Amino acid sequence: MDRSPGGGHKGEEKREKMKRTLLKDWKTRLSYFLQNSSTPGKPKTGKKSKQQAFTKPSPEEAQLWSEAFDELLASKYGLAAFRAFLKSEFCEENIEFWLACEDFKKTKSPQKLSSKARKIYTDFIEKEAPKEINIDFQTKTLIAQNIQDATSGCFTTAQKRVYSLMENNSYPRFLESEFYQDLCKKPQIATEPHAA
């Protein structure tokens, strides 16, 4: 098969256009998450305080996220960016499960603990769950037994496995993403002289 040099250039243009489209889609998703996220347990407030809670991080703050996965998860903007990234990779169930477990561990009421445990199980653990996470059969069986008498630690093993999966697989890809790299860039100051 004979390839013409012009065909390679068109393919490269097409890849660049697709890359720009994906980046734009990713930024749109992040914007959506930032606008529709709220801290669990806190009432939603007016637009001004929402905008203050989700201001774009400085390049220095964004660079801190590369030091440790926990730094990324501790930042509201970082968490929203990571969620948007996972959504673009079709594996957002991992962060959603991890966040559900974090919320679950804070639950004090035994009745709420039991109902939340069942909800997490049906959403993420059971076979054919709508957001089924990828964990081994033994862990699933252990969870099924544990939720019969739910305690705040009944998802600990699964949560650790999902955290490890995100930290070792998704997090490095996030740090390599064009979106994250753009956040880390310092703004360029124009130095062109103004025309009179």
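These numbers were taken from a predicted model, which means no experiment stands behind them. (Residues numbered from 1 in each chain as written. Predicted model: local features only at pLDDT ≥ 70, side-chain atom pairs only at ≥ 80, totals over all residues. Heavy atoms only, no water.)

> Help me understand the overall build of the protein chain in this model?
In terms of regular secondary structure, the protein chain is built from 10 helices and 0 strands. From first element to last, N terminus to C terminus, the protein chain shows the α and β order α-α-α-α-α-α-α-α-α-α. Residue burial in the protein chain is summarised as follows: out of 196 residues, 34% are buried. Expressed as a percentage of contacts within the protein chain between residues at least 6 apart in sequence, the contacts between residues at least 24 apart total 61%. Summed over all atoms, the accessible surface of the protein chain reaches about 13500 Å², with 53% contributed by carbon and sulfur. (Helix = DSSP H or I, 4+ residues; strand = E, 2+ residues; numbered from the N terminus. Buried < 20%, exposed > 50% of the residue type's maximum accessible area, 1.4 Å probe, protein only. Contact = heavy atoms within 4.5 Å. Areas by Shrake-Rupley, 256 points an atom, 1.4 Å probe, with all protein chains shown as cover.)

> Even after reading the chapter, I still don't get the nonpolar core, so can you show me in this structure?
Nonpolar side chains tend toward joint burial in soluble globular proteins. Ranked by internal contacts, the top residues of the largest apolar core, which has 41 residues, are Phe-82, Phe-97, Ile-125, Phe-155 and Phe-174. Secondary structure elements with two or more residues in this core: helix H4 (69-74), helix H5 (76-88), helix H6 (93-105), helix H7 (110-125), helix H9 (156-176) and helix H10 (178-184). Other than its neighbours up to four places away in sequence, Phe-97 contacts Ile-120, Phe-124, Ile-125, Ile-133, Phe-155, Ala-158, Gln-159 and Val-162. (Core = buried A, V, L, I, M, F, W, Y, C linked by side-chain atoms within 4.5 Å.)

> In this structure, what is going on with H5? I would like to understand it.
Note: α-helices contain 3.6 residues per turn, so residues at a spacing of three or four share the same orientation. For H5, which comprises 13 residues, the first-to-last C-alpha distance of 18 Å matches the rise-based estimate of 18 Å (1.5 Å per residue) to within 8%. Every buried residue of H5 is listed here: Tyr-77, Gly-78, Leu-79, Ala-80, Ala-81, Phe-82, Ala-84, Phe-85 and Leu-86. (Expected span 1.5 Å × (residues − 1).)

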